[in-house]
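Survey of secondary and tertiary structure
Chain by chain, the residues:
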Amino acid sequence: MSRLVAGGTVVTATKTFQSDILIEEGRIVGIGENIDRKSSQEIVDATGCYVMPGAIDVHTHLNLNLGEEKVSDGFYHGSVAAAHGGTTSIVEHPGFGPAHCALNHQMDLYRDQAKDEMVVDYGFHGVVQHVDEHVLSAIKGLTATGISSLKVYLTYGGRLGDEDIIKVMKATHAAGGLTAFHAENHAIIGELTQEIRDKGDITDPANHPRSRPDYSEAEAVNRLIALSRAAGNAPIYIVHLSTASGLEIIKEARRNGFQIHVETCPQYLTLTESCYQEADNKRLQYIMSPPLRTQKDCDALWEGLADGSIDVVATDHCSFSFAQKLKNGKTDIFKAPGGIPGVETRVPLLFSEGVLKNRIDLNRFVQLVATNPATIMGLAPQKGSIDIGSDADLMIFDPEIEKIISTQVLHQHVDYTPFAGMRVKGWPKTVLLRGEVLVCDGKLSATKGFGRFINRRKNKYLVKV
Ligand code: URP
Ligand code: ZN
Ligand code: ZN
């Protein structure tokens with residue numbers, strides 16, 4: 001089947017130009033103005049729209065299961081929501097497995113659970129929750145099977161200590177992989193949480209950011225940079241950066257030549273800790289880690305997006321419902337399951353808040369939502385760009401569509417959105433994955449299981465972004 005995406009303005013990481021795109025067998029085979037319409041079986045009209053690479057979200061928890069609580073969307077509904085928001089590939093962070101499980105345990109489980117459900121293409125990060133010789137020697141095998149990044153937590157139950165972190169950094173680097181980190185200092189969080197508990201003040205969500213201050217993130221980022229030095233300058237990736245102070249440390253490290261990649265998320269750009277002061281129980285909706293910060297932090301992150309010190313905007317989509325947060329967190333905020341949904345709103349929010357407010361330009365927008373995540377996480381050149389031979393994953397983005405964000409206009413399978421009431425202008429009108437129409441005018445055409453596993457490359461393909 002051949003398709004011609006005709007009449008649009010193509011936007012890539014570096015260029016903006018009028019062009020048609022010819023697709024055959026799921027790949028891009030022609031890019032140019034006025035391609036003969038007879039050359040294809042179907043025309044997709046992109047007049048008045050931007051034609052961009054399908055967006056890539058490299059931080060999701062579509063299928064997180066904590067045992068007592070599971071997120072509400074799962075792989076099918078989560079990937080449908082992603083598709084409606086212009087995202088054609090995701091890289092999922094698996095949850096922790098049983099104590100002392102093999103490194104492959106969670107990835108094998110997730111592969112099995114995803115394969116008949118996903119409608120967008122997908123990969124997995126590995127997760128390291130303990131370190132021994134079996135785990136370290138399994139890292140090479142994992143990266144060789146297309147799982148070329150590993151996640152390590154500095155807090156939560158499956159966190160690692162410094163000695164183990166260095167070992168993982170070294171082994172992952174030697175295997176050509178990238179180690180990603182949730183960077184918060186566990187001891188600081190533990191101490192401040194206990195103080196709040198001792199005062200008996202555990203029903204006020206405003207205490208959530210007080211228990212995880214900005215310096216707990218900054219300390220963890222700083223330490224990771226030092227550990228990466230000790231690990232032979234192993235490249236690292238910081239997930240969901242939320243603070244100006246963390247970013248300052250990263251900028252300095254980059255000036256000194258460290259390979260440190262950085263991700264932030266729309267919630268840390270558009271919402272502040274004032275959300276925890278809202279009048280009713282809705283305040284619990286914003287329980288996530290790291291917590292929402294100050295306007296000063298948001299401003300610094302926007303600057304980081306514009307000046308290149310932040311590479312990626314992902315979501316950390318994690319759709320525990322408001323009902324689950326209320327049930328567990330109303331009498332003890334520290335028991336509310338953390339995380340917020342966002343896989344469907346990332347692209348429109350970044351366009352409206354970033355491009356339309358002149359904080360970033362169109363090409364930077366494409367870099368942040370598609371090209372950089374593809375390059376850093378080893379999906380390029382198959383994904384994340386509009387090039388001859390690349391998968392025809394395209395987001396045909398209509399800058400005139402206006403929406404007010406609400407659960408009613410979204411497809412996420414969850415009872416709230418933290419971005420409710422925000423007005424956005426610009427939304428994906430048609431979304432193609434490997435040349436097939438996934439979504440058109442708000443209607444899904446893909447069937448369950450259409451998404452394919454992405455065999456991600458090792459990071460010897462990393463380029464400076
Ligand atoms: O609170 C959050 N963000 N939950 C999801 C897991 C994580 O820390 O990324
Ligand atoms: Zn995290
Ligand atoms: Zn996460």
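Scroll up to find the structure.
The following paragraphs examine the structure supplied in this document.

Of the regular secondary structure elements, the protein holds 13 helices and 18 strands. Counting only C-alpha atoms, the protein reaches 75 × 50 × 40 Å along its principal axes. At a minimum sequence separation of 6, the contacts of the protein that also span at least 24 residues come to 75%. Here the protein displays about 17,300 Å² of accessible surface, and carbon together with sulfur accounts for 49% of that area. If you average the places of the 48 positive and of the 56 negative side-chain charges in the protein, the two averages end up 2 Å apart.

Around ligand 1 lies a shell formed by His59, His61, Tyr156, His182, His240, Met288, Ser289, Asp316, Cys318, Gly338 and Gly339. Between ligand 1 and the protein, one listed contact pairs a nitrogen atom with a backbone N or O atom of Gly338 at 3.4 Å. Within the backbone of Gly339, an N or O atom sits 3.2 Å from an oxygen atom of ligand 1. Coverage of ligand 1 by the protein chains reaches 94% of its 270 Å² of free accessible surface. Looking at the shell around ligand 1, its residues break down into three nonpolar, seven polar and one charged.

The tally for this structure, following the rule as stated, stands at zero disulfides. In this structure Cys318 is not part of a disulfide, and its nearest cysteine sulfur, from Cys265, lies 11 Å away. The class for Cys318 is buried, based on a relative accessible area of 4%. Just so you know, Cys440 is unpaired, no disulfide at all, and the nearest cysteine sulfur is the one on Cys49, 10 Å from it.

With that settled, consider the packing of aromatic side chains. Think of a pair of aromatic rings as described by two things: how far the centres are apart, and how the planes are tilted against each other in angle. Under the defined criterion, the tally for this structure stands at 14 aromatic pairs. With a centroid separation of 6.3 Å and an interplanar angle of 55 degrees, the aromatic rings of Tyr50 and Phe351 are classed as tilted. Here Phe351 lies in helix α12 (residues 346-355) and Tyr50 lies in strand β5 (residues 50-53), a separation of 301 residues in the sequence. The class for Tyr50 is partly exposed, based on a relative accessible area of 22%. For Phe351, a relative accessible area of 2% gives the class buried. Ring centres of Phe96 and Tyr153 lie 5.0 Å apart, and the angle between their planes is 65 degrees; this geometry places the pair in the edge-to-face category. Here Phe96 is found in the loop between β7 (87-92) and α2 (104-114), whereas its partner Tyr153 is found in strand β10 (residues 149-153), with 57 residues between them in sequence. Here a set of aromatic residues connected by ring pairs shows up, and it is made of Phe75, Tyr110, Tyr122, Phe124 and Phe453.

Counted as a void, the largest pocket has a volume near 940 Å³. Mapped onto the lining of the largest pocket, the elements with two or more residues apiece are β10, α5 (186-198) and α6 (207-211). In terms of residue count, the dominant contributor to the lining of the largest pocket is α5 (five residues). Around the second largest pocket, the lining residues are Ala206, Pro209, Arg210, Pro213, Asp214, Glu273, Tyr276, Gln277, Leu292, Arg293, Thr294 and Asp297. Classifying every residue of the lining of the second largest pocket gives five nonpolar, two polar and five charged.

Following the sequence through the fold, Thr417 ends up in the loop between β15 (394-404) and β16 (423-433). With 328 residues separating them in the primary sequence, Thr417 and Ser89 have C-alpha atoms 21 Å apart. Those residues in contact with Thr417 that lie beyond four places of it in its chain are Ile405, Ser406, Thr407 and Leu410. Side-chain polar atoms of Thr417 contact the backbone nitrogen of Phe419, separated by 3.0 Å.

Looking now at the nonpolar core. Core analysis: the largest hydrophobic core is formed by 101 residues, its most contacted members being Ile238, Leu350 and Phe365. Ranked by residue count, the leading element in this core is helix α13 (residues 362-376), at six residues. Once you skip the residues sitting within four places of it in the chain, Ile238 turns out to touch Phe181, Ala183, Val221, Leu224, Ile250, Ile260, His261, Val262 and Glu263. If you look at the next biggest cluster of nonpolar residues, it comprises 15 residues, including Ile28, Cys49, Ala392 and Ile396.

A few words on the coordination of the zinc ion (ligand 3). Surrounding the zinc ion (ligand 3) are the protein donor atoms His59 (NE2), His61 (NE2) and Asp316 (OD), which sit 2.0 to 2.1 Å from the metal. Each of the four donor atoms around the zinc ion (ligand 3) contributes to a set of angles spanning 88 to 136 degrees, which defines the coordination as irregular. Taken as a pair, the zinc ion (ligand 3) and the zinc ion (ligand 2) lie 3.7 Å from each other. In this pair, His59 is assigned in strand β6 (residues 55-60) and Asp316 in the loop between β14 (312-313) and α11 (322-329), connecting sequence segments 257 residues apart.

We now examine helix α4 (residues 162-174). With 13 residues, α4 should cover 18 Å at 1.5 Å per step; its first-to-last C-alpha distance of 18 Å lies within 8% of that length. Turning to α4, its buried residues number three or more, namely Ile165, Val168, Met169, Ala171 and Thr172. Each element contacted by the buried residues of α4 is listed here: α3 (133-144), β10, β11 (178-182), α7 (214-230) and β12 (236-238). Trailing α4 by a residue or two, Gly176 shows a phi angle of about 85 degrees, which is positive.

Enumeration according to the criterion identifies 26 salt bridges in this entry. As a salt-bridge pair, Arg3 and Glu42 come within 2.9 Å of each other at their nearest N and O atoms. With a gap of 39 residues between them, Arg3 in strand β1 (residues 2-11) and Glu42 in strand β4 (residues 42-45) connect regions that are remote in the sequence. As a salt-bridge pair, Asp164 and Lys167 come within 3.9 Å of each other at their nearest N and O atoms. Taken together, the positions of Asp164 and Lys167, both in helix α4 and three residues apart, correspond to about one turn of that helix. Of the residues examined, Asp164 reaches a relative accessible area of 24% and is grouped as partly exposed. Judged by its relative accessible area of 40%, Lys167 is partly exposed.

Rules used throughout
- Residues numbered from 1 in each chain as written.
- Chains lettered and ligands numbered in written order.
- Predicted model: local features only at pLDDT ≥ 70, side-chain atom pairs only at ≥ 80, totals over all residues.
- Heavy atoms only, no water.
- Helix = DSSP H or I, 4+ residues; strand = E, 2+ residues; numbered from the N terminus.
- Contact = heavy atoms within 4.5 Å.
- Areas by Shrake-Rupley, 256 points an atom, 1.4 Å probe, with all protein chains shown as cover.
- Lys, Arg positive; Asp, Glu negative; His and termini not counted.
- Charge placed at Lys NZ, Arg CZ, Asp CG, Glu CD.
- Near = heavy atom within 4 Å.
- Polar contact = N/O pair within 3.5 Å; in protein donor to acceptor, adjacent residues only side chain to side chain.
- Nonpolar A, V, L, I, M, F, W, Y, C, P; charged D, E, K, R; others polar.
- Disulfide = S-S within 2.5 Å.
- Buried < 20%, exposed > 50% of the residue type's maximum accessible area, 1.4 Å probe, protein only.
- Phe/Tyr/Trp six-rings, centres within 6.5 Å; stacked < 30°, edge-to-face > 60°.
- 1 Å grid on protein atoms, 1.4 Å probe; cavity = no way out; pocket = protein on both sides within 12 Å on 5 of 7 lines; lining within 4 Å.
- Points joined across faces, edges and corners; volume = space filled by probe spheres on them.
- Core = buried A, V, L, I, M, F, W, Y, C linked by side-chain atoms within 4.5 Å.
- Donors = N, O, S within 2.8 Å, 3.2 Å for Na, K, Ca; no water.
- Tetrahedral: all angles 85-135°; square planar, octahedral: opposite > 155°, others 65-115°.
- Expected span 1.5 Å × (residues − 1).
- Salt bridge = Lys/Arg side-chain N within 4 Å of Asp/Glu carboxyl O.

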